[in-house]
Amino acid sequence: MNMYSWSYRHRRVVCLVVLLLQVPVALGAVLLGGRHWAEGTFHISTGDLSATGVGNDDWEAAFRTAVDRWNQTVPFTVTTDAQTQQESCGPNEPNTAFFSDMSCSNAWGANVLGVSNTWSTSHSSAAFQTSIVFNSNETWAVYDGPLNGATQDFTRVAVHEIGHSMGLGHTANATAIMTPAVSSTINPQIDDTAAIQALYGTAGIAHVLDSNNSGANELAVVRARMSDSRARVQSREVNTGGISNTRYYATGFAPMELLAINDNNTDGDQELAVVHKRLTDDRATVEVREAEDGALLNSFVFSSGATPLFAMKLTSNNNASTDIAAVTIRTSDQRIWVQVRDSASGSIVSNVYFPRNYWPRGAAAVPDINGNGADEIALLLVHRGTGRLQLQVRDSVTGALISNGFHPTNYSGHGLVGLNDVNGDGSADLASLVERDDGRFAVRIQDGATGATLKLMFLLSNTHLLVPLAIASVTDVSGNTVDEVVVLLMRNADDRPLLQIRDASTGNLVRNIYLGSKYVPQSMTSIPTTNGGQAQEIVVTGFNINGTAQARLFDTGTGTKIRTMTFAIP
């Protein structure tokens, strides 16, 4: 790891014949590189690959093949376009992949084929930019199978470097794609995909009403089985931690989200919907099953020509069934396209379009603001050119714009959550997890109806030691009837995760909850009380560093840990 004196931290990971990188956290054999994309996705331009005139192969097509080899096996999405951009060798430039006879103003070392550069701010390991550079002094071609003498296979090297950009380090396992020496391996292997699963893989958590008639509600977690890309939902009773059931879904999909939805078939039991990304064509697909016995009730596919990024449930077509929205990037023009479908019939309710030249940093469903009985869709957007954040709210049925709220130019975004009415004007509000250029993290509360800023609250007094991972909300804990905001953070000083709870109206700190060391959190959600208290609980899912998947429950009213549940890895 090289540390430079400029105001951004720059991590260089290279493909060498010896192991050079050592980082502190590992899952199985693959080291986790420490750069975590809060959105679980990044976009990269590939037009410069063909513009350099290296050889005669179609490097852009080969790079897209490398991207597909990851996208089809892991819960992370890399998207590409063929634009020619400024080559990224410094911060605040577009994400690009390109050939060069220099490794970003440095001479290539012996046997170095490529380098992945990932930037974060000087006070955080949250990634915001990446670039991949290939050594144009080498002889390149596109082929599979064993290595062909001195001719390097571009695709497998690209797969390796994309793994670094996603957050992986090297492994001592010579059969993995993340081994530091190029080999006959051309695809991500089980160690590689398990490591990405550890960084980004908790695709969904759902609180389920008592589905096995035991008298206790359940917590359901979905994960992808690495052997065949089959989603598995395991439910455990929240009062005991005991397994209530395990259900397997279809093969050939990467699960994105698990949603507990209304009883569509009126048999008195709740249902679970898994939103997948279909590996053959990246289309968002929904599989609805009974929470009690796993019986398949319905499955449907969202429209083609778009890559799914987020999924959420909505009340939007004024009937008893829950609607499901997929937030996607349209392939043809990179426009944000949200398609809403009825979970009972699979029919399209609406197509909602957001502006071009933006990338979503967070998504949230918001209770009806404009009075037509439909939930609203809120997206935290970043402009691809200027980097400025914008919070936009649209009606989920008509697509009509309800509000626009702009953030100052010196902020980047890390997540979004909806809130009940904070300022008493009768409409729902929103909380954005943001980061200022100087490394301070904050939560910005904005009015859902007008986009106006209601409150800006900074997290702790020494925020330079924190890395934000996720944001959620819980009902009032402090006693003023206003929701609280919960932020999941990691302390850089000791890699210890914590939950910080703040009052949404005053910004006052309610409490800090420490999760314990040697735990890698991924995501969180709020659920109703399970211990008889008045306050909601927060569930944090993640991994011990030995690879054990866990869900940890905390009482937000007292800060105490209620229970740790262990979920078997598929």
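All of these numbers come straight from a predicted model, not from anything done at the bench.

**Topic: the overall build of the protein chain**
A tally of regular secondary structure across the protein chain gives four helices and 39 strands. Here the protein chain holds 570 residues, and the buried ones make up 58% of them. The long-range fraction of contacts in the protein chain, counting pairs at least 24 apart against all pairs at least 6 apart in sequence, stands at 52%.

**Details of the pattern of salt bridges**
This model, assessed by the stated rule, comprises six salt bridges. Arginine 156 serves as the salt-bridge partner of aspartate 153, at 2.7 Å between the closest nitrogen and oxygen. The pair formed by aspartate 153 and arginine 156 is uniform in burial state, with each residue classed as buried. Residue aspartate 281 pairs with arginine 278 through a salt bridge whose shortest N-O separation is 2.7 Å. Under the relative-accessibility criterion, aspartate 281 is labelled partly exposed at 32%. For arginine 278, a relative accessible area of 23% corresponds to the partly exposed category. One network of salt bridges, with partners in common, ties together Arg330, Asp333 and Arg356.

**What about the environment of valine 286?**
In this structure, valine 286 sits in strand E18 (residues 284–290). Counting along the chain gives ten residues from valine 286 to histidine 276, while the straight-line C-alpha distance between them is 6.1 Å. When residues no more than four places from it in sequence are discounted, the contact partners of valine 286 are Ala273, Val274, Val275, Asn298, Ser299, Phe300, Phe302 and Ile324.

**Let's talk about the sheet that holds strand E17 (residues 271–278)**
The strand order E16-E17-E18-E19 describes an open sheet built from four strands, whose pairing is antiparallel. Across the chains shown, the open sheet's two edge strands, defined by having one partner strand only, are strand E16 (253–261) and strand E19 (296–301). The sheet shows a mean angle of 20° between the axes of neighbouring strands, direction not considered. Here E17 pairs with E18 via seven bridges, running antiparallel. Looking across to E18, one finds that lysine 277 is bridged to alanine 284.

**Concerning the sheet that holds strand E25 (residues 376–383)**
Ordered in space as E24-E25-E26-E27, the four strands form an open sheet in which the pairing is antiparallel. Both edges of this open sheet fall to strand E24 (358–366) and strand E27 (401–406), since each of them pairs with a single strand only. Direction aside, neighbouring strands of the sheet carry axes that sit 20° apart on average. Sheet analysis places strand E26 (residues 389–395) next to E27, joined by five bridges and oriented antiparallel. Within E27, the position partnered with glutamine 390 by the bridge is phenylalanine 406.

**As for the side chain of histidine 207**
Residue position: histidine 207 is located in strand E12 (residues 204–208). Since its relative accessible area comes to 18%, histidine 207 is described here as buried. If sequence neighbours within four positions are ignored, histidine 207 has contacts with Asn217, Glu218, Ala260, Gln270, Ile527 and Pro528.

**Structural notes on the nonpolar core**
Core analysis: the biggest nonpolar cluster contains 34 residues, and Phe63, Trp70, Phe76, Phe134, Trp140, Phe154 and Ile162 have the highest contact counts within it. Here tryptophan 70 is in contact with Val159, Ile162, Gly163, Met166, Leu168, Ile177, Met178, Pro188, Asp192 and Ile196, once residues within four sequence places are set aside. Leu314, Val352, Ala364 and Leu430 belong to the second-largest nonpolar core, a separate cluster that totals 33 residues.

Reading guide: rules and limits
- Residues numbered from 1 in each chain as written.
- Predicted model: local features only at pLDDT ≥ 70, side-chain atom pairs only at ≥ 80, totals over all residues.
- Heavy atoms only, no water.
- Helix = DSSP H or I, 4+ residues; strand = E, 2+ residues; numbered from the N terminus.
- Buried < 20%, exposed > 50% of the residue type's maximum accessible area, 1.4 Å probe, protein only.
- Contact = heavy atoms within 4.5 Å.
- Salt bridge = Lys/Arg side-chain N within 4 Å of Asp/Glu carboxyl O.
- Pairing = 2+ DSSP bridges.
- Axes fitted to C-alpha atoms, helices over the stretch in contact; angles between N-to-C directions.
- Core = buried A, V, L, I, M, F, W, Y, C linked by side-chain atoms within 4.5 Å.

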